[in-house]
Amino acid sequence: MLLVATSSGVGTYGPAVFSVHMVQHMLLATFVPVFLVLGHGVTMALQVAPDRLVQRLVSLLDAPAVRLARNPAIAWVAVAATLFGLYPTGLFDVIVQQHWAHLAMDAAFFLTGLALFWPVLGHSLPGRGLPAIGRIVMVFAVMALHAAFSTWLLSRATPVAAGFYGSLRLPFVPNLLADQRLGAVLAWILGEVPIVLAVLALVLRWTRADRSPPEPETWPSLLAEGSCRVS
């Protein structure tokens, strides 16, 4: 999914067509983070890594910057900033004119999405972590954020970054406002599909937890084991 978003036609036309840009945005901000977190790569790395690498991973996961980044409230605000801090303020109009700025914006979409879905869907985290009700609240808070942003795009009477997109004069984008509304609809759909997958994953996990005893190899135990192994 990451390759599709960055190294396919989506990545090629994303900087020039707003509707394709919104597809790329939602792939990087929702689909890729959800699937990466559900893969539990960090947990598997802690289980199989050598002692020296476990020590480094434990230190990294418990670093103040990482704890701050995976704070659900801060992550949600960061995602909101990438939506309502870029497009309505006119900052997006400046970013699309610079290739490096567009790449930085894509990286921000991915990293903020990863920080948001990690505490929600992560197998287990150092510390208490989010309770079950907190995870569901976060999921629906993200859904509401996507809906609000798409509604704002649909309600606009003028295109975003009209000067830049208009100067390209692409023959297959005759109407910038229609393309923007198409992008809003696609963003709404693509933004909610991973949310539904996240809800299903949480429900399935809780159902399995109710039917079976707790697994002994949770992240707190892995962290403790790693600390003992390297001490």
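Residues numbered from 1 in each chain as written. Predicted model: local features only at pLDDT ≥ 70, side-chain atom pairs only at ≥ 80, totals over all residues. Heavy atoms only, no water.

**With respect to the overall build of the protein chain**
Link 1 in the chain: Each helix and strand in the protein chain was counted, giving 13 helices and zero strands.
Link 2 in the chain: Mapped from its N terminus to its C terminus, the protein chain presents α and β elements in the order α-α-α-α-α-α-α-α-α-α-α-α-α.
Link 3 in the chain: Across the 231 residues that make up the protein chain, the buried fraction comes to 42%.
Link 4 in the chain: Sequence-distant contacts, at least 24 apart, represent 75% of the contacts inside the protein chain between residues at least 6 apart.
Link 5 in the chain: When the accessible surface of the protein chain is totalled, it reaches about 11,900 Å², and 69% of it is carbon and sulfur. (Helix = DSSP H or I, 4+ residues; strand = E, 2+ residues; numbered from the N terminus. Buried < 20%, exposed > 50% of the residue type's maximum accessible area, 1.4 Å probe, protein only. Contact = heavy atoms within 4.5 Å. Areas by Shrake-Rupley, 256 points an atom, 1.4 Å probe, with all protein chains shown as cover.)

**Details of the packing of helix α3 (residues 18–38) against helix α9 (residues 99–121)**
Link 1 in the chain: Close contact between α3 and α9 brings their axes to 8 Å; oriented N to C, the two are set at 35 degrees. The handedness of the crossing between α3 and α9 comes out as right-handed. Listed contacts from α9 to H21, Q24, H25, L28, A29, T30, V32, P33, V34, L36, V37 and L38 of α3 are H102, M105, D106, F109, F110, G113, L114, F117, W118 and L121.
Link 2 in the chain: When its residues are assigned to classes, the contact of α3 with α9 shows 15 nonpolar, six polar and one charged. (Axes fitted to C-alpha atoms, helices over the stretch in contact; angles between N-to-C directions. Left-handed = near helix turned anticlockwise from the far one by under 90°. Nonpolar A, V, L, I, M, F, W, Y, C, P; charged D, E, K, R; others polar.)

**Let's talk about the confidence of the model for the protein chain**
Link 1 in the chain: Summarising the model, the protein chain shows a mean pLDDT of 84, and 87% of its residues fall at 70 or more.
Link 2 in the chain: Confidence over residues 215–220 falls short of pLDDT 50; this stretch has 17 contacts with residues more than four positions distant or in other chains.
Link 3 in the chain: Here residues 226–231 scores under 50 on pLDDT; set against residues more than four positions off or in separate chains, the count is nine contacts. (pLDDT = per-residue confidence, 0-100.)

**Quick notes on helix α7 (residues 72–84)**
Link 1 in the chain: Taking 1.5 Å of rise per residue, 13 residues should cover 18 Å, and α7 covers 18 Å from first to last C-alpha, within 8% of that figure.
Link 2 in the chain: Looking at α7, one finds that the buried residues are P72, A75, V79, A80, T82 and L83. Projected down its long axis, α7 carries its buried residues within an arc of 160 degrees, all on one side.
Link 3 in the chain: Elements in contact with the buried residues of α7: α3, α6 (64–69), α9 and α10 (132–155). (Expected span 1.5 Å × (residues − 1). Arc of directions from axis to C-beta.)

**Brief notes about the side chain of H21**
Link 1 in the chain: Position of H21 relative to the elements: it lies in helix α3.
Link 2 in the chain: Given a relative accessible area of 0%, H21 falls into the buried group.
Link 3 in the chain: H21 has contacts with G14, Y87, F92, H102, M105 and F109, leaving out every residue within four places of it along the chain.

**Here's the deal with the side chain of T82**
Link 1 in the chain: Following the sequence through the fold, T82 ends up in helix α7.
Link 2 in the chain: Owing to a relative accessible area of 10%, T82 belongs among the buried residues under this scheme.
Link 3 in the chain: Discounting chain neighbours no more than four positions away, the residues touching T82 are H25, Y87, F109 and T112.

**Regarding the packing of aromatic side chains**
To describe a pair of aromatic rings, one takes the distance between the centres and the angle between the planes.
Link 1 in the chain: Under the definition given, this model contains ten aromatic pairs.
Link 2 in the chain: Consider the rings of F18 and F92, whose centres lie 6.0 Å apart with planes at 80 degrees: the pair is edge-to-face. Placement of F18 in helix α3 and of F92 in helix α8 (residues 91–95) is noted, with a sequence separation of 74 residues between them.
Link 3 in the chain: Connected via pairs of aromatic rings, a cluster forms that spans F18, F84, Y87, F92, F149, W152, F164 and Y165. (Phe/Tyr/Trp six-rings, centres within 6.5 Å; stacked < 30°, edge-to-face > 60°.)

**What about the nonpolar core?**
Link 1 in the chain: Residues F18, Y87, F92 and L121 are the most contacted members of the largest nonpolar core, which totals 55 residues.
Link 2 in the chain: Every element with two or more residues in this core is listed here: α3, α5 (51–61), α7, α8, α9, α10, α11 (162–168) and α12 (176–211).
Link 3 in the chain: Sequence-distant contacts of F92, defined by excluding residues within four places in its chain, comprise F18, H21, L86, Y87, M105, V160, A161 and Y165. (Core = buried A, V, L, I, M, F, W, Y, C linked by side-chain atoms within 4.5 Å.)

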